[in-house]
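# Chain and residue survey
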Amino acid sequence: MYDNDQRPARRVVITGLGTVSSIGLGVTAFLDGLRSGRSGVKPITAFDTTGFAHANGCEVTGFDPAEWIHRVDATELGRATQFSVAAARMAVADAGLTPEELRARRALVSVGTTDAESRDLDALVDVELREGPERLPATVVRRAQAGRLSTGIVRELALTDVEALTLPTACAAGNYAIGSGFDAIRGGEVEVALCGGADAVCRKTFAGFYRLGTIAPEVCQPFDKDRKGILTGEGAGILLMESLETARARGARIYAEVLGYGLNCDAHHPVAPDQDSLARCMRIAHRNAGVKPQDIDFISAHGTGTRANDVTEAGAIRQVFDAPPPTVSIKSMIGHSMGAASALASAACALALTEGFIPPTVNHHETDPECGLDCVPNVARSTELNVVQNNALAFAGNNAVLILGRHREAQ
Amino acid sequence: MSPLVLSAWSAVSPYGVGAEPFARGITAGRCAVGPLDPATHPGPFDRGGVVPDFSARTHVGKKGTRTMDRVTALAVAAVGQLLESCDGGPVRQPEETALVLGTGSGSVQSIMDFTRDSFAGERPYHVDPARFPNAVMNRAAGQSAIWHRIKGPNTTVAGGWLTGLLALSYAARLHRGGHCARVLCGAAEEYSEQRAWLEWHGRSAAERATPLGEGGAVFLLEPAEAAREAGHPALARLLTTRFRAYGAESEVRAALAACVRDALKTTGVAPGDVRLVAPLGAGGESAALEEAGVGDALGAADPRWIRCRPLLGDTSAAATSLQLAAVLAAAGADGLAPGEAALVTGVERDGTVGCALLAGA
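Residues numbered from 1 in each chain as written. Chains lettered and ligands numbered in written order. Predicted model: local features only at pLDDT ≥ 70, side-chain atom pairs only at ≥ 80, totals over all residues. Heavy atoms only, no water.

With that settled, the discussion passes to the overall build of chain A. Check the secondary structure of chain A and you find 14 helices and 15 strands. The globule rule puts the C-alpha radius of gyration for 411 residues at 22 Å, and the 20 Å found for chain A is close to it. With respect to the three principal axes, the spread of C-alpha positions in chain A is 65 × 55 × 40 Å. With 411 residues in all, chain A has 68% of them scored as buried. (Helix = DSSP H or I, 4+ residues; strand = E, 2+ residues; numbered from the N terminus. Rg over C-alpha atoms; globule rule 2.2 N^0.38 Å. Buried < 20%, exposed > 50% of the residue type's maximum accessible area, 1.4 Å probe, protein only.)

Before going further, it helps to spend a moment on the domain arrangement of chain B. Residue and element names in this part refer to chain B. Domain parsing of chain B yields domain 1 (4-230) and domain 2 (236-359). With 48 residues of domain 1 at the interface, the matching set in domain 2 holds 43 residues. Taken together, both faces of the contact between domain 1 and domain 2 bury some 3500 Å²; the carbon and sulfur share is 69%. If you sort the residues of domain 1 by the area they bury against domain 2, W161, L162 and L165 come out on top, with a joint share of 25%. The interface formed by domain 1 and domain 2 includes two salt bridges. The salt bridge involving R203 is made with D314; its shortest N-O contact spans 3.0 Å. Where domain 1 packs against domain 2, one counts 18 residue pairs in polar contact (both at pLDDT 80 or more). Where the side of domain 1 that touches domain 2 is concerned, the elements lending two or more residues are β1 (4-13), α1 (19-28), α6 (163-176), β7 (182-189), α7 (193-202), β8 (212-213) and β9 (215-223). (Domains from an automatic or database assignment. Contact = heavy atoms within 4.5 Å. Buried area = accessible area lost by both parts, 1.4 Å probe. Salt bridge = Lys/Arg side-chain N within 4 Å of Asp/Glu carboxyl O. Polar contact = N/O pair within 3.5 Å; in protein donor to acceptor, adjacent residues only side chain to side chain.)

Of the residues lining the interface, 82 residues belong to chain A; the matching set on chain B comes to 68 residues. When the two sides are added together, the surface that chain A and chain B hide from each other amounts to roughly 6500 Å², 58% of it contributed by carbon and sulfur. The partner of B:R173 in a salt bridge is A:E189, with the nearest N and O atoms 3.2 Å apart. Taken together, chain A and chain B are joined by 33 residue pairs in polar contact (both at pLDDT 80 or more). Listed by contribution, the elements that provide at least two residues to the side of chain A that touches chain B are α5 (118-131), α6 (138-143), α7 (148-156), β6 (162-167), α8 (173-186), α9 (203-211), β9 (256-265) and α11 (275-289) of chain A.

Attention shifts here to unusual backbone geometry. In this model, A:A158 sits at a positive phi of 50°, which is unusual for a non-glycine residue. When you line up the elements, A:A158 lands in the loop between α7 and β6. At B:D53, a position not held by glycine, the phi torsion is positive, near 55°. Within the element layout of this structure, B:D53 appears in the loop between β4 (47-49) and α2 (56-59). Overall, B:D53 belongs to the exposed group, its relative accessible area being 70%.

Time to look at the domain arrangement of chain A. All names here are of chain A. With domains assigned, chain A is organised as domain 1 (12-249) and domain 2 (260-405). Here the C-alpha centre of domain 2 lies 20 Å away from the C-alpha centre of domain 1. Between domain 1 and domain 2, the residue contacts involve 63 residues of the former and 64 residues of the latter. Counting the surface lost from both domain 1 and domain 2, the interface buries some 4700 Å², and carbon and sulfur atoms represent 66% of this. For the domain 1 face of the interface with domain 2, the top three residues by lost area are N175, F223 and R227, together amounting to 19%. On the surface where domain 1 and domain 2 come into contact, there are four salt bridges. The residue D368 makes a salt bridge to R227 at a minimum N-O spacing of 2.7 Å. At the surface where domain 1 touches domain 2, the tally comes to 25 residue pairs in polar contact (both at pLDDT 80 or more). Within the residue set of the side of domain 1 that touches domain 2, elements represented by two or more residues are β1 (12-21), α1 (27-36), α8, β7 (192-199), α9 and β8 (235-243). Broken down by element, the side of domain 1 that touches domain 2 gets its largest block of residues, ten residues, from α8.

The next point concerns the UniProt feature "domain: Ketosynthase family 3 (KS3)" (unreviewed entry) in chain A. In the UniProt entry, the feature "domain: Ketosynthase family 3 (KS3)" (unreviewed entry) is given for residues 9-406 of chain A. The span residues 9-406 of chain A is 35% helix and 20% strand, and its two end C-alpha atoms sit 19 Å from each other. (UniProt positions renumbered as here; feature names shortened; annotations may be inferred.)

With that settled, consider α5(A). For α5(A), which comprises 14 residues, the first-to-last C-alpha distance of 19 Å matches the rise-based estimate of 20 Å (1.5 Å per residue) to within 8%. Every buried residue of α5(A) is listed here: A:S118, A:D120, A:L121, A:D122, A:L124, A:V125, A:V127 and A:E128. The inward-facing, buried residues of α5(A) contact α6 and α9 of chain A together with α4 (108-120) and α7 of chain B. Phi turns positive, to about 100°, at A:G132, one or two residues after α5(A). (Expected span 1.5 Å × (residues − 1).)

With 179 residues, the main nonpolar core has A:I14, A:L194, A:M241, B:W9 and B:F22 as its most contacted residues. No other element matches helix α14 (residues 341-355) of chain A, which puts ten residues into this core. Ignoring sequence-local partners within four residues, the contact set of B:F22 consists of B:W9, B:A11, B:S13, B:Y15, B:L312, B:L322, B:A325, B:A326 and B:A329. With 24 residues, the next largest nonpolar core counts B:A73, B:L83, B:I150 and B:L220 among its residues. (Core = buried A, V, L, I, M, F, W, Y, C linked by side-chain atoms within 4.5 Å.)

Turning to the packing of aromatic side chains, a few remarks are in order. For the coordinates displayed, the defined rule picks out 16 aromatic pairs over all chains. Here the aromatic rings of A:F52 and B:Y125 are separated by 6.2 Å at their centres, their planes lie at 45°, and the arrangement is tilted. Of this pair, A:F52 sits in the loop between β3 (42-43) and β4 (56-57) while B:Y125 sits in the loop between α4 and α5 (139-148), which puts the two residues in different chains. On the basis of an interplanar angle of 90° and a centroid distance of 5.6 Å, the ring pair of B:F45 and B:W200 is categorised as edge-to-face. Residue B:F45 is located in the loop between β3 (34-35) and β4, and its partner B:W200 is located in helix α7; the two are separated by 155 residues in the primary sequence. (Phe/Tyr/Trp six-rings, centres within 6.5 Å; stacked < 30°, edge-to-face > 60°.)

This brings us to the UniProt feature "domain: Beta-ketoacyl synthase-like N-terminal" (unreviewed entry) in chain B. The positions that UniProt labels "domain: Beta-ketoacyl synthase-like N-terminal" (unreviewed entry) are, in the present scheme, residues 3-200 of chain B. Helix and strand shares over residues 3-200 of chain B are 38% and 18% respectively, and the end C-alpha atoms of the span are 42 Å apart.

Residue and element names in this part refer to chain A. Mapped onto the elements of the fold, R250 is located in the loop between α10 (244-249) and β9. The class for R250 is partly exposed, based on a relative accessible area of 26%. Note: C-alpha distance between R250 and G96 (154 residues apart in sequence) is 9.4 Å. What R250 contacts, discounting residues up to four positions off in sequence, is T15, A95, G96, L97, R105 and E242.

Packing of α9(A) against α4(B) leaves a shortest axis separation of 9 Å and a crossing angle of 70°. The orientation of α9(A) relative to α4(B) falls into the category roughly perpendicular. Of the residues in α4(B), those touching α9(A) at A:R203, A:K204, A:A207 and A:G208 are B:I111, B:F114, B:T115, B:S118 and B:F119. Of the residues assigned to the contact of α9(A) with α4(B), the class counts are four nonpolar, three polar and two charged. (Axes fitted to C-alpha atoms, helices over the stretch in contact; angles between N-to-C directions. Parallel < 35°, antiparallel > 145°, perpendicular 65-115°, else oblique. Nonpolar A, V, L, I, M, F, W, Y, C, P; charged D, E, K, R; others polar.)

Attention shifts here to the sheet that holds β3(B). Residue and element names in this part refer to chain B. If you trace the three strands from one edge of the open sheet to the other, you get β3-β4-β8, paired in mixed fashion. Lying at the two open borders of the sheet, with one neighbouring strand each, are β3 and β8. Sheet topology places β4 next to β8; two bridges connect them, and they run parallel. Considered in β8, the bridge of G48 is made with L212. (Pairing = 2+ DSSP bridges.)

Looking now at the side chain of A:T151. On the secondary structure map, A:T151 appears in helix α7. In terms of polar contacts, A:T151 uses its side chain to reach the side chain of B:D350, at 3.4 Å. Residues contacting A:T151, with those up to four places away along its chain left out, are A:A164, B:D350 and B:T352.

A separate point is the pattern of salt bridges. Across all of its chains, the model carries 43 salt bridges over all chains by this definition. Put simply, A:R155 and A:E76 hold a salt bridge, and the shortest N to O gap is 3.1 Å. On the criterion of sequence distance, the pair formed by A:R155 in helix α7 and A:E76 in the loop between α2 (65-68) and α3 (79-94) is long-range, its members being 79 residues apart. Judged by its relative accessible area of 33%, A:E76 falls in the partly exposed class. The residue B:R349 makes a salt bridge to B:E199 at a minimum N-O spacing of 3.3 Å. Of this pair, B:R349 sits in the loop between β13 (341-348) and β14 (352-359) while B:E199 sits in helix α7, and the two are 150 residues apart along the sequence. When salt bridges that share partners are traced, they join A:R106, A:D161, B:R242, B:R244 and B:D262 into one network.

Listed below in structure tokens is the structure:
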């Protein structure tokens, strides 16, 4: 909803969180999981894993769409959209907004994703192989659309004055979506934004990473000298954002302030990250947020647990920070939830700021000297936090770095 | 802040590669949909609007295109055409230039082929690692950036038929947020057997007959002042984008009318100033409801309607970008005249509508 009106920039705060993750459904369970260093790893059940030597992942269990999705027929939604819609419902309830109050505000819904409904596309391939392309079920075809991740939320919440945006910028997409929501509220285009990311475990992505030799056989160990790769995961994180002004007017609980973000593209390699370019992205984010490296109290790293990612990311951090702050990866707990990853990590950062703790990097035995970072091994650390940084990287060198700050009421 | 203008554009379409064949075809109202050879285009459709003789090898290059899929090649070619038309200016400061590209669900052909290899191979991991990035939805935008060395923000947008409008809205917001000096913005869609089958099964019976089209369009969006300094013509000012959602199909008309009214009111454009309208024109009842909604908002105004779909087929994620290109094609080399406005509209079957309002610079 662009226009050229000149409006004073507004401050943007997070007042609601919705989280669907392998370590818990809803913000209370997610927070508890982060604090206690819970691991969501288990054998994958999403598809037949016969023929893979190992197939652990971080799937969401105990998810009943009927518990969260009331207006829309859940069978018309793919699994990733179900997660997205459920997380949006949670975020709205968590923010203490009634559906009527929400509908009265002009809104942006933006949801990032890597695979959207590729799980349904996998299933359709299976039908094609067995019965031919003439036999595809219409319901599955219709719901296997990337745009559904955001329009599903719009339909479920019966929003009308709304822009529904899906951003399939792969594994950094959650931060992209939150960034766009931040800009929309800051610029006064909308009065509320539901933003984040969603993905569901699928065969295609598992097979691809497995073929690249980047799937860990058992657990994900970011920054560990013996790290063996990623575990594919799933879930959704949706943040409800609004201006500080409207949050104050309704006496809302404020988790954190969104200070800014930065995006850039390596424009170099389809899958290998570029250290200098990532460092540049962090500097862009700092500038956009008006912070300095020494202001950052901890970094939530992309931290996939592959050899290449962690050493490149650590190198980029050392380029930007004279003394790098604690740098953790919640992927050690929830796996790599793809488009949901940086959205769930943003939710984790917001909770960390509110509750005063740094989530741990679990499964950690010995830090890789090549990474050389304090990754808050295995046990959460209580500490007062003011500014935190959330990194996200994606295929094609799409980097996105988000900066959140603790909100303090003025004296 | 200097208003944002569209100062260059390119198209790859069933009329051929480049803005010129597109402009000629659209202004002549020539239909580019033709019979499909079942040997090269198997699937449920016997007619379609495909980019003639297009391939990655012939239009992007022999080197580095072995595994490049069609939608990526269309995007790389469309971005290349645009850069060429402004002598590479936008990539002289590659870090300051963003690329925002809309696609459907990436290439469903690439994604489903990859899964097919996993199912059909001797081992489930017998997939081609070089093709894995094709099976991820940011491939077309990412590869376009790699190919043309565009190092600013690189974003992929998806939203069905509204994709092009959403990409425009996102791009303008990105610019206003201070994330780039200029944006290359557009959308691309490929014709593939897999997309054809998905469209066929996903459509209602009333829509089924519409042939599919493919192509892409890319625009240079920059502040008017920057365009002037670079010697780019300000073809149109982007005044606003607006979106709304509807429940039942019967609400489409009112939702789009509200959208357009809001756009006009916010920007102070009189309905009578709208001289060009490029609607999506989807199948079934949708096209009539869309035009009625625009008509309700414009009242007695009598704009010229540019209907792309009968000429190009259903270009899905590229549709609204190609409509925008059609508006610029109709406006000619000097762009929209001062005081003249144009409207691009769309109705998505998932329950959303949107419009972009442009005016002479």
